[in-house]
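# Observations on chain architecture
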Amino acid sequence: FYGGPVLIAATVLLLRGSGAHTPVLVTMFVWNIYHVSQQSHGILSIYRRLNGGPPAERSVARLAILSVNATMAFWHVDRFAPLYRTLTAVHPMLPWLLPAVTLPIAVSAVGVLAFRMLRRRRAVSVPEGAFLTTSLLLFHPYLWVEDSGLATMGMLLGHFVQYLAIVWLLNHRKYAVSGGSAAQRVLAHMSANPISIAATIAGVGFAIFLGQRATAWLGAPMLYIIAWNALSLTHFYLDGLVWAFRNPFVRQSIGPYLMPPSHVRAA
């Protein structure tokens with residue numbers, strides 16, 4: 001838990017500082033597909049459990065979301081030069097082979113998932129169906145936005161809404177009446193009303209903006225890029241631990257605030 005972020009930060013510093021930018025950029029692009037897909041699948045699992053859906057859908061739902069997202073991200077892989085150059089260095093046809101492989105997997109997985117959901121004894125709820133739809137469409141900017149960076153930002157806006165919503169819900173329910181640590185009281189206050197939430201988001205955004213401007217003013221913009229890359233990759237890593245519901249401790253410490261206790265025990 002603690003060693004991973006240190007290793008990630010040191011690796012990013014070493015690679016970026018030595019001018020080896022491609023490994024960092026490619027890792028962020030590919031890991032981002034997996035990370036966002038896993039988050040969508042995890043939240044979908046909560047909706048499914050609340051709606052009484054069968055656990056057997058779990059694996060096919062994960063494959064459907066991941067393969068659809070990967071297909072969209074790789075469809076115009078030539079628009080992301082670092083990954084395109086890496087793939088063509090292995091074989092000129094490899095960039096076009098990726099979507100050719102992921103597309104049939106995506107079509108098959110979505111078809112199987114839809115068939116299983118339609119066969120449920122209980123109809124799919126509107127929230128579950130809506131969340132599944134948005135999860136499958138999250139990467140659509142990669143299909144029509146030529147600027148890969150802008151397409152990524154468009155995709156991440158939906159991802160951030162998902163993430164901030166579930167984090168707020170957890171903090172609001174878990175620390176609404178908190179007599180715990182100072183950090184827990186801060187979370188309770190932050191999640192108490194829309195004004196404090198908006199102020200927190202604005203404050204974090206302004207701090208990031210100042211960091212970018214300050215490093216540029218000092219003539220060291222790479223420091224900001226290194227810090228941002230390291231933070232993003234650390235976020236990917238820690239999320240895989242913090243939200244790992246397969247871990248009994250995570251289920252018992254987080255699950256009750258997102259699902260009724262009966263659903264948590266059945267996990």
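Before reading on, note that the structure itself is shown above.
Report on the accompanying structure.

Calculation rules
- Sequence order as written defines residue numbering, which begins from 1 separately in each chain.
- Thresholds applied to this predicted model are a pLDDT of at least 70 for local features of residues and 80 or more for the giving and counting of side-chain atom pairs; totals over whole chains, interfaces and linings are not thresholded and use all residues.
- In computing side-chain values, all of the structure's heavy atoms are included and hydrogens and water are not.
- Here the term cavity refers to a set of points on a 1 Å grid, laid over the protein atoms alone, in which a 1.4 Å probe fits but cannot get out; the term pocket refers to an open set having protein on both sides within 12 Å along at least five of seven lines, with lining residues being those that place an atom within 4 Å of a point.
- Grid points are joined across faces, edges and corners, and a volume is the space filled by probe spheres set on the points.
- Numbering of helices and strands starts at the N terminus; helices are DSSP runs of H or I of at least 4 residues and strands are runs of E of at least 2.
- For this classification, Asp, Glu, Lys and Arg are treated as charged, while Ala, Val, Leu, Ile, Met, Phe, Trp, Tyr, Cys and Pro are nonpolar and the rest, including Gly, are polar.
- Summary of the burial criterion: residues with accessible area below 20% of their type's maximum are buried, those above 50% are exposed, and those between are partly exposed, where the area comes from a 1.4 Å probe applied to protein chains only.
- The directions from the helix axis to the C-beta atoms form the arc being described.
- Any pair of residues with heavy atoms lying within 4.5 Å of one another is described as a contacting pair.
- Aromatic contacts are taken between Phe, Tyr and Trp rings whose centres are within 6.5 Å, Trp giving its six-membered ring; a plane angle under 30 degrees counts as stacked, one over 60 as edge-to-face, and the others as tilted.
- Only the contacting stretch of a helix is used when fitting its axis, a line to C-alpha atoms as for every element, and angles between N-to-C directions run 0 to 180 degrees.
- Left-handed describes a crossing whose near helix is turned anticlockwise from the far helix through less than a right angle; right-handed describes the clockwise counterpart.

This part covers the layout of surface pockets. One number sums up the size of the largest pocket: a volume of about 2,000 Å³. In terms of lining residues, the largest pocket is bounded by 50 residues, among which His159, Phe160, Tyr163, Trp228 and His235 are the most central. Every element with two or more residues in the lining of the largest pocket is listed here: helix 2 (22-50), helix 8 (148-175), helix 9 (182-190), helix 10 (194-217), helix 11 (221-242) and helix 12 (248-258). The greatest single-element share of the lining of the largest pocket, amounting to 16 residues, is contributed by helix 8. Partitioned by chemical class, the residues of the lining of the largest pocket number 34 nonpolar, 14 polar and two charged. In this structure, the second largest pocket encloses a volume near 840 Å³.

Looking at helix 4 (residues 81-90), one finds that the buried residues are Pro82, Leu83 and Leu87. In an axial view of helix 4, the angular spread of the buried residues amounts to 125°, which keeps them on one side of the axis. Packed against the buried residues of helix 4 are helix 2, helix 3 (58-75) and helix 5 (94-118).

The next subject is the packing of aromatic side chains. Under the counting rule described, the total for this entry stands at ten aromatic pairs. Note on Phe29 and Phe80: the rings are 4.5 Å apart at their centroids and 15° apart in plane angle, and the pair reads as stacked. Placement of the pair is Phe29 in helix 2 and Phe80 in the loop between helix 3 and helix 4, with a sequence separation of 51 residues. Residues Phe29 and Phe80 agree in their burial class; the two are buried. A ring pair is formed by Tyr224 and Trp228, whose centres lie 6.4 Å apart and whose planes are at 10°; its orientation type is stacked. Of this pair, Tyr224 and Trp228 both sit in helix 11, four residues apart, which is roughly one turn of that helix. According to the relative accessible area criterion, Tyr224 is partly exposed, its value standing at 22%. Given the relative accessible area of 36%, Trp228 is considered partly exposed. Here the aromatic cluster, defined as three or more aromatic residues joined through ring pairs, consists of Phe29, Phe80, Phe139 and Tyr142.

To continue, consider the packing of helix 2 against helix 3. Following both chains from N to C, one finds helix 2 and helix 3 inclined at 145°, their axes separated by 9 Å at the closest point. In terms of crossing hand, the pair formed by helix 2 and helix 3 is right-handed. Contacts between helix 2 and helix 3 involve Phe29, Ile33, Tyr34, Ser37, Gln38, Ser40, His41, Leu44, Ser45 and Arg48 on the former and, on the latter, Arg58, Ala61, Arg62, Ile65, Leu66, Asn69, Ala70, Ala73 and Phe74. A class-by-class count of the residues in the contact of helix 2 with helix 3 yields ten nonpolar, six polar and three charged.

Counting through the fold element by element, Glu57 comes out in the loop between helix 2 and helix 3. Setting aside anything within four residues of it in sequence, one finds Glu57 in contact with Arg48, Leu113, Arg116, Met117 and Arg120.

All right, on to the side chain of Thr234 then. Assignment of secondary structure puts Thr234 in helix 11. Setting aside residues up to four positions removed in sequence, Thr234 forms contacts with Pro5 and Ile8.

Looking now at empty space enclosed by the protein. Scanning all chains against the criterion turns up one cavity of 30 Å³ or more. What the largest cavity holds in volume is close to 50 Å³. Along its surface, the largest cavity is lined by Phe29, Ala73, His76, Val77, Arg79, Phe80, Tyr142, Val145, Ser148 and Ala151. Considered class by class, the residues forming the lining of the largest cavity number seven nonpolar, two polar and one charged.

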